[in-house]
Amino acid sequence: MQPIKYELIKTCKQTGARLGRVTTPHGSFETPIFMPVGTLATVKTMSPEDLHDMNAKIILSNTYHLWLRPGEEIIREAGGLHKFMNWDGAILTDSGGFQVFSLSDMREIEEEGVHFRNHLSGEKLFLTPEKAMHIQNALSSDIMMAFDECPPYPASYEYMKNSVERTSRWAERCLQAHERKDVQGLFGIVQGGEYEDLRKQSAADLTSLDFPGYAVGGLSVGEPKEVMNRVLDFTTPHLPTNKPRYLMGVGSPDSLIDGAIRGIDMFDCVLPTRIARNGTCMTSEGRLVIRNAKYARDFRPIDEHCDCYACKNYSRAYIRHLMKCNETFGFRLTTYHNLYFLLKLMEQVREAIKEDRLGDFREAFFEQYGFNKP
Ligand SMILES: CNc1nc2cc3nc[nH]c(=O)c3cc2[nH]1
Ligand SMILES: [Zn+2]
């Protein structure tokens with residue numbers, strides 16, 4: 001019995017975007033969808049009730065971080081991550097590969113796994129595909145990610161070819177180490193950088209292993225947006241149409257729309273929550289830096305077109321005051337709004353796909369948000 005199911009509902013006639021439905025042991029949701037990031041078993045400053053109120057259906061958490069703190073065995077004893085953090089929606093866990101490469105300075109990759117230093121204590125650690133699976137099993141996430149290497153950008157063809165082949169071998173080892181195929185799904189992660197033949201090879205290797213879903217990895221690592229879009233253009237056609245496709249680490253409103261147009265179904269990114277904490281808000285007219293003095297007497301909501309809790313009840317002047325005083329409630333309000341904004345954007349994308357007008361929606365949104373400005 002597959003714990004993760006995908007149903008393709010329809011494809012937009014104007015673009016390559018797909019409307020789908022993913023079903024997990026903790027609920028089902030329409031796609032394309034954005035997943036709020038809860039790295040340390042919390043979407044920073046948001047309660048599970050906040051997440052339900054904004055209609056979040058699935059959140060992401062990190063194997064590497066939870067392995068270090070509090071340790072996966074404590075979460076296993078708690079009955080898994082859902083119980084530990086009191087979240088009854090779906091949870092996807094990243095496998096730790098990316099965090100090792102992005103957080104740890106010393107690292108040495110070998111066939112068996114990756115040697116690196118704990119970014120908090122400096123102690124030497126060793127992460128393998130089997131260990132990454134063991135940790136995710138303890139967390140009992142609904143969707144696990146295979147342990148992969150996310151190579152730096154740019155990387156030489158030679159390096160990328162070796163890395164892709166090792167990531168495919170690691171994916172096989174993850175499948176072997178998968179202890180609870182009945183309740184946890186496992187997604188393979190396609191690598192290959194900006195090399196079309198390597199992306200095709202990686203997709204073929206992983207598709208042959210018949211994962212219930214596929215991620216496009218190795219992107220949102222500093223490459224220009226046009227490189228990401230080009231890689232998606234020649235990668236997604238090699239992924240199964242009857243499985244979800246997840247673009248890791250993306251992102252900004254324009255990248256979400258352009259990823260959906262290229263057939264991506266699931267997205268995650270720390271951007272909305274991270275920029276919220278320094279007072280930057282996403283609005284339908286572009287970014288708004290709430291600490292700016294010009295908002296000191298501005299009693300309008302963050303976004304006059306938004307009906308979120310923050311925009312219905314508080315003004316820019318008030319939120320600016322809270323942020324200037326470093327008041328936690330200010331972070332809560334900007335975070336709530338930014339997450340709501342992206343979740344709402346994906347709802348508008350799904351509506352546009354239903355009505356075969358995502359191309360028109362993109363033009364109008366980009367114009368209003370200011371993405372077309374030179
Ligand atoms: C913020 N950008 C970003 N977050 C990522 C997470 C990832 N996990 C596993 N594998 C990846 O390739 C990968 C790429 C990523 N890019
Ligand atoms: Zn709002």
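Residues numbered from 1 in each chain as written. Chains lettered and ligands numbered in written order. Predicted model: local features only at pLDDT ≥ 70, side-chain atom pairs only at ≥ 80, totals over all residues. Heavy atoms only, no water.

A. How the structure looks around the overall build of the protein. A tally of helices and strands in the protein yields 15 helices and 16 strands. In terms of overall dimensions, the protein is globule-like: its C-alpha atoms have a radius of gyration of 20 Å, near the 21 Å expected for 374 residues. By principal-axis analysis of the C-alpha atoms, the protein measures approximately 60 × 50 × 40 Å. Scored against the burial criterion, the 374 residues of the protein give a buried share of 58%. A fraction of 65% describes how many contacts in the protein between residues 6 or more apart in sequence connect residues 24 or more apart. When the accessible area of the protein is evaluated, it comes to approximately 15,100 Å², of which 50% is carbon and sulfur surface. One finds the centroid of the 45 positive side-chain charges in the protein at a distance of 4 Å from the centroid of its 50 negative side-chain charges. (Helix = DSSP H or I, 4+ residues; strand = E, 2+ residues; numbered from the N terminus. Rg over C-alpha atoms; globule rule 2.2 N^0.38 Å. Buried < 20%, exposed > 50% of the residue type's maximum accessible area, 1.4 Å probe, protein only. Contact = heavy atoms within 4.5 Å. Areas by Shrake-Rupley, 256 points an atom, 1.4 Å probe, with all protein chains shown as cover. Lys, Arg positive; Asp, Glu negative; His and termini not counted. Charge placed at Lys NZ, Arg CZ, Asp CG, Glu CD.)

B. Quick peek at the site of ligand 1. Close to ligand 1 lie 13 residues, the nearest being Asp148, Gln191, Gly218, Leu219 and Ser220. Side-chain polar atom of Gln191 to an oxygen atom of ligand 1: 2.9 Å apart, as the coordinates give it. A distance of 2.9 Å separates a nitrogen atom of ligand 1 from a polar atom in the backbone of Ser220. Here the residues of the shell around ligand 1 sort into six nonpolar, five polar and two charged. (Near = heavy atom within 4 Å. Polar contact = N/O pair within 3.5 Å; in protein donor to acceptor, adjacent residues only side chain to side chain. Nonpolar A, V, L, I, M, F, W, Y, C, P; charged D, E, K, R; others polar.)

C. Structural context of the packing of helix α13 (residues 316-324) against helix α14 (residues 328-354). At a closest axis distance of 7 Å, the pairing of α13 and α14 adopts a crossing angle of 130°. On the basis of the axis angle, α13 is oblique to α14. Viewed along their axes, α13 and α14 form a crossing whose handedness is left-handed. Contacts between α13 and α14 involve Tyr318, Ile319, Leu322 and Met323 from the first element and Phe329, Gly330, Phe331, Leu333 and Thr334 from the second. (Axes fitted to C-alpha atoms, helices over the stretch in contact; angles between N-to-C directions. Parallel < 35°, antiparallel > 145°, perpendicular 65-115°, else oblique. Left-handed = near helix turned anticlockwise from the far one by under 90°.)

Read these as layout, nothing more, since geometry by itself doesn't imply function.
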